[in-house]
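Working through the structure, step by step
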Amino acid sequence: MIWVIHTLNGVSLGMLLFLLAAGLSLIYGLMKILNLTHGSYYLLGAYIGSTVIQTTGSWALALVVAPLIVAALGAVMERFFLRRFHLDELPQTLLTFGFLFIIGDVCLWIWGGDPILLPKPALFAKSIDLGGLSYPEYRLALIAAGLAVAAALWWFQERTRIGAMLRAGVDDAETARAMGIDVSLLFTLVFAVGAFLAALGGVLGGPIIGASPGADFDVMLLAFVVVIVGGLGSLRGALVGGLLIGLLDNFGKIFFPEFALFTIFVPMAVILSFRPTGLFGRA
Amino acid sequence: MSALSIEGVTKSFGGVQALRGVTLSVEAGQRLVLLGPNGAGNTTLFHAISGNILASSGRVALFGEDITRLPPDARARRGLARTFQITNLLPSLSVLDNIRLALCGADRLTFRFFKGMASYRETTSRATRLLADWGLADAADRTVRNLSYGEQRQVEVVMAIAAAPRLLLLDEPTAGLSPAETLGLVDMVRKLPRDMTIVMIEHDMDVAFEIADRVAVMHRGELIAEGNEAEIRANKQVSDIYLGLE
Amino acid sequence: MARALAISAIVAVFLAAPFAAPSYYVGLLTKMLIYALFAMSLDLMIGYAGLASLGHAAFFGLGGYTMALLLMRAHASAWIAFPAGLVAATLGGAVFALLALRARGSYFLMITLALAQVVWGIAFGWRTLTGGDDGLPGIKRPVFLISFADQTPFYYLVATLVGLSALAMWAVTRSPYGLALRGIRDSETRMRAMGFNVWRHQFAAMAISAFFAGLAGCLFVYNNRFVSPDALHVVTSAEGLIMVIAGGAGTLFGPALGAGVIIFLEDFISSHTQRWLLVLGVIYVATTLFAPRGIVGLWTDFSTRKRKP
């Protein structure tokens, strides 16, 4: 039974990773921007979420407000900074690196250096009985939330007009432009959505992973590994990669505590050697 | 012996057949022009010869040696040089350095770590002489990026012939040039040593016959005609394609 | 002539520094030199081979940790530990090259970053060997015939090794190999069409670059008498990257200058506020927006404008 619990832990972590990687992957797919600020969106989401919960006591409000603020920040970054260097990867990387440091240090300034853990929402604060072992409801809710977001994103990408534009843009921005799609607005929108998802991950992951200085780096790296494994630009890759890495990380920590990161990075290296574009990525 | 022999080469991208079993052979010292509208498969065929893409099936041989699966650099080392349809130079380097690198590649001066390039006097003087021979002496110290488009096209041809290749592939060297510049480039090609085998892609029939010993016509990934000027001009299918275009 | 004078002046300043400057500044200068070497080694990859890496700290740390572990855990002599550090860094460069060179652009950035994080993860996680985040304290500076324990002799050791390395890297960039690297940076297909094996050139560039980064790492560890996972952290890679860009990629001199400026700013700002990382972030953004070709680029623009008004 203990293995069921470990597996559930891995799956719930995987769902969080999916939220983080999905935005990173979409942004890369459309704009070819490697967004090093992605972990910072997570951190900001968690911190802002904690402040909202503290001041208003409303978890639901935090779940809306924090991602929206971070989405606005993402939109500003794209429109006023990254856009000038379209398809020029080095300056874009440097800019996002700069924002990573700026946001990290501002967070340290505002929220201090002590790690924080968000409270669980009252609705899912209890544990349920799983064959004699108690298991926190919150983690199950997290899995459900991740699946819901995955379904929503899938619907958005496959069934809406903007989603169709997005798919056209990922295939070829020039063609998309020729089809009369306003690529400029689409870029900003996708960047904002990516930031939104990462911040959502911050609020949802707050009660489990929490927020602390340096979490921005850790989260960014985990999200990178997920997209390297899954393939950049693919939602399916983000989901499968997220689950795979979530499980590997969880079991890795149990079996090889001293080499926890290895259980993630070795599979990544193996996949890189055989499929440099990841499981679902295109060349 | 054939300088180049292509046997049943096919290439498909996804579901699209870009080459449908092309068979072609070029004798040493011959000048062959590949005629055909854009999208006929000319450039794809060049890529399959130079190794920039690998043929899906069929065989490519250079002076009798099978090179079908070799990477581009290995083919270059066996005496194949090429230009590209879209100008492909080393834009941040000087014209002289572009030519010197072409010579280094040909002479296998590749992993020399410590002696400065400047002390390879023989390479430098050969590069300078090449530029002088082709009327580019004044451009030697200019950065390639700052040259005019016409000059860049010329530099690319000089880079390709610097290595004294056995087989030279010219992918539409006159593309985008003014009529005067086109004449200059045609003249340049005609002045190349007679023992250098040349295959050139060209869309303009008059330019083609100006240079070619023999002309081959591609259409939709297939070779539809091959022969001398009179034979090609008399070919009904060829004139249909070309009249259909105009 | 002017160049020879300038170089002699720079050499003279570095030779005279310990006599003129207080020991705190000799220490700072030592640090600047070590980072200048680190930045120059990264410039070989970014500015010459066109391979922007986000994992350069891995080679820095591999050199430093290998040396430190041999000194502290195996009680090896510096004659063995120091060269072993260089070998380890170079091998690390080769392994990174094997895995990362299949990719280009953003993928290359991401893969180098992730691989460097593996090395960081080992140093951080394998507590029994590396001491985890407590690091390895108590490393003694080397005795190579004479003792380099004191700051002044150690400074001269660093200055000599960094100077010789700079000379070697400069020679490499001027060689046919260095020219070929710049050619590859401009167009890989063009270089292949001329018979160059692009992969081998880039592989060698990463190994050479890693060697010098490893040397910087060994000197760094000797300088601090201590090593911790911070030496391997992304922030170290990021600092190297901004030194290269802010100085002027592809010039060697620029990144060395950039290293001096960044280390000086870090020292100055850290002594006044806690907000160094914020300032570093702003430097990143400002450099990208206003000085994409770095200090050297600004200077070239300035002097060409002065010449033709």
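Residues numbered from 1 in each chain as written. Chains lettered and ligands numbered in written order. Predicted model: local features only at pLDDT ≥ 70, side-chain atom pairs only at ≥ 80, totals over all residues.

Some points on the domain arrangement of chain B
All names here are of chain B.
- With domains assigned, chain B is organised as domain 1 (1-79 + 165-246) and domain 2 (89-163).
- Measuring from the centre of the C-alpha atoms in domain 1 to the corresponding centre in domain 2 gives 26 Å.
- With 11 residues of domain 1 at the interface, the matching set in domain 2 holds 10 residues.
- Elements with a minimum of two residues in the side of domain 1 that touches domain 2: β7 (167-171) and α6 (179-191).
- Its residues assigned to classes, the side of domain 1 that touches domain 2 shows nine nonpolar, one polar and one charged. (Domains from an automatic or database assignment. Contact = placed C-beta atoms within 7 Å. Helix = DSSP H or I, 4+ residues; strand = E, 2+ residues; numbered from the N terminus. Nonpolar A, V, L, I, M, F, W, Y, C, P; charged D, E, K, R; others polar.)

Overview of the sheet that holds strand β6 (residues 80-82) of chain B
All names here are of chain B.
- Pairing is mixed across the open sheet formed by six strands, whose spatial order is β6-β7-β8-β3-β9-β10. Edge positions in the sheet fall to β6 and β10 (222-227), since each of these pairs with one other strand and no more. Each neighbouring strand pair of the sheet contributes to a mean axis angle of 20°, computed without reference to strand direction.
- In terms of strand pairing, strand β3 (residues 31-35) meets strand β9 (residues 214-219) through four bridges, oriented parallel. Residue pairing across strands places Leu32 opposite Arg214, the latter belonging to β9.
- Its contacts with the sheet put helix α1 (residues 42-50) on β3, β6, β7, β8 (197-202) and β9, and the angle it makes with β7 is roughly 150°. (Pairing = 2+ DSSP bridges. Axes fitted to C-alpha atoms, helices over the stretch in contact; angles between N-to-C directions.)

A closer look at the environment of Val198 of chain C
All names here are of chain C.
- Among the secondary structure elements, Val198 is positioned in helix α10 (residues 198-224).
- Taking the C-alpha atoms as reference, Val198 lies 43 Å from Gln151; in sequence the two are 47 residues apart.
- Beyond its immediate chain neighbours, meaning those up to four positions away, Val198 contacts Ile184, Glu188, Met191 and Arg192.

Brief notes about the interface of chain A and chain C
- Counting residues at the interface gives 33 residues for chain A, matched by 30 residues for chain C.
- Contributions of two or more residues to the side of chain A that touches chain C are made by α4 (89-111), α9 (215-230) and α11 (262-274) of chain A.
- The leading source of residues in the side of chain A that touches chain C is α4 of chain A, at 14 residues.

Topic: helix α2 (residues 38-56) of chain A
Residue and element names in this part refer to chain A.
- In a regular helix each residue adds 1.5 Å, so 19 residues correspond to 27 Å; α2 covers 27 Å between its end C-alpha atoms and thus fits that length.
- Judged by how many residues are buried, α2 sits mostly within the fold: 15 of 19 residues are covered.
- Once α2 ends, the next one or two residues include Gly57, with phi positive near 75°. (Expected span 1.5 Å × (residues − 1). Buried ≥ 20, exposed ≤ 12 C-beta atoms within 10 Å, placed from the backbone.)

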